[in-house]
Amino acid sequence: QKEVEQDPGPLSVPEGAIVSLNCTYSNSAFQYFMWYRQYSRKGPELLMYTYSSGNKEDGRFTAQVDKSSKYISLFIRDSQPSDSATYLCAMTLSGNTPLVFGKGTRLSVIA
Amino acid sequence: DSGVTQTPKHLITATGQRVTLRCSPRSGDLSVYWYQQSLDQGLQFLIQYYNGEERAKGNILERFSAQQFPDLHSELNLSSLELGDSALYFCASSGTTGGKETQYFGPGTRLLVL
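Reading the values: the criteria
Every chain begins its residue count from 1, and numbering advances along the sequence as written. Think of it this way: whatever chain is written first is A, whatever ligand is written first is 1, and the rest follow in order. The predicted nature of this model means local features are confined to residues of pLDDT at least 70 and side-chain atom pairs, given and counted, to a pLDDT of 80 or more, with totals for whole chains, interfaces and linings taken over all residues. Hydrogens and waters are ignored; side-chain quantities use all the structure's heavy atoms. Whether two residues are in contact is decided by their heavy atoms: any pair within 4.5 Å suffices. Values labelled buried area give the accessible surface lost by two parts on being combined, using a 1.4 Å probe and summing over both. Any carboxyl oxygen of Asp or Glu within 4 Å of a side-chain nitrogen of Lys or Arg constitutes a salt bridge here. As used in this structure description, the phrase polar contact means that two N or O atoms lie within 3.5 Å; if the pair is within protein, one of them must be able to donate a hydrogen and the other to accept it, and residues adjacent in sequence are counted only when both atoms belong to side chains. Charged residues are taken to be Asp, Glu, Lys and Arg, nonpolar residues to be Ala, Val, Leu, Ile, Met, Phe, Trp, Tyr, Cys and Pro, and polar residues to be all remaining types, Gly included. To qualify as a helix, a DSSP run of H or I must reach at least 4 residues; to qualify as a strand, a run of E must reach at least 2; elements of each kind are numbered from the N terminus. Here the term buried applies to any residue with accessible area under 20% of the maximum for its type, exposed to any over 50%, and partly exposed to those in between, with areas from a 1.4 Å probe on protein chains only. Two aromatic rings, drawn from Phe, Tyr or Trp (for Trp, its six-membered ring), form a pair once their centres lie within 6.5 Å of each other, and the interplanar angle then sorts them: stacked below 30 degrees, edge-to-face above 60, tilted otherwise.

Undergrad: How do you make sense of the interface of chain B and chain A when you look at a structure like this?
TA: It is common to give the size of an interface as the accessible area that goes away when the parts come together. At the interface, 23 residues of chain B touch 18 residues of chain A. In total, chain B and chain A occlude about 1700 Å² of area from one another, counting both sides; carbon and sulfur atoms represent 53% of this. Viewed at the interface, chain A and chain B are joined by zero salt bridges. Summed over the shared surface of chain B and chain A, the number is nine residue pairs in polar contact (both at pLDDT 80 or more). The residue makeup of the side of chain B that touches chain A, split by class, is nine nonpolar, nine polar and five charged.

Undergrad: Teacher, can you tell me more about the environment of B:Gly95 here?
TA: Residue and element names in this part refer to chain B. Its place among the elements puts Gly-95 in strand β9 (residues 87–97). Accessibility expressed as a relative area gives 9% for Gly-95, which makes it buried. Separated by eleven residues in the primary sequence, Gly-95 and Gly-106 place their C-alpha atoms 14 Å from one another. Setting aside residues up to four positions removed in sequence, Gly-95 forms contacts with Arg-26, Asp-29, Lys-100, Glu-101 and Thr-102.

Undergrad: I'm lost on the packing of aromatic side chains in this one. Help?
TA: One pair of aromatic rings is described through two measures. These are the centre distance and the angle between the planes. Applying the stated criterion across every chain yields a total of 14 aromatic pairs over all chains. Relative to A:Phe101, the ring of A:Tyr36 has its centre 5.8 Å away and its plane inclined at 55°; by these criteria the two rings are tilted. Of this pair, A:Tyr36 sits in strand β4 (residues 32–38) while A:Phe101 sits in strand β10 (residues 100–101), placing them 65 residues apart in sequence. Measuring from centroid to centroid gives 5.4 Å for A:Tyr36 and B:Phe105, while their planes differ by 80°, and the two rings are edge-to-face. Of this pair, A:Tyr36 sits in strand β4 while B:Phe105 sits in strand β10 (residues 100–105), placing the two residues on different chains. Judged by relative accessible area, which is 0%, A:Tyr36 ranks as buried. B:Phe105 gets classed as buried once you look at its relative accessible area, which sits at 3%. An aromatic cluster of three or more residues is present, and its members are A:Tyr36, A:Phe101, B:Tyr33, B:Tyr35, B:Phe45, B:Phe90 and B:Phe105.

Printed below as a string of structure tokens:
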């Protein structure tokens, strides 16, 4: 079993839809949870950062962490064509330690 | 723009050769991480340096090595290259922003081994 599992998609939605992306993980010691967005041929860009369990909202994006279920989610409201990218979940043990990534979900938002 | 720079952007070489990838972290960041991204394995951590010292090692092959110099830039050396080493190589640096330690990724070096 991989340490972090993420459905690779691809996921195709119409503009304006609500998108739900998620990851499961096996290591209960993970404390910090992130979502990165990666456009084609670019480096990953940090979207959301959450410490421990709970929700965090930033504009159209909401990140949720449920440590009891070892499950994290990213919701995108009112999706736009510019949201078309690969979304990578990542997690780590503490602040200055390597990230463990999911394989990424490729999202296409169709106008 | 993350502030992390990587050179070269693209590299095409032959099997058995050796290449060096270079990374300059964001100003003030002491930690540098190297990751490899391939289609089948996703983003995998290779090695971390902190202020010139090796801090953590991941799935890095013995044919690969890295170092961080006094000016904090880092180099990843890949030798005896094989076809399977073709991948995107990313460098990330970390620093504290808004009270949280965050990794910022460079644009990557695309390596093709023929």
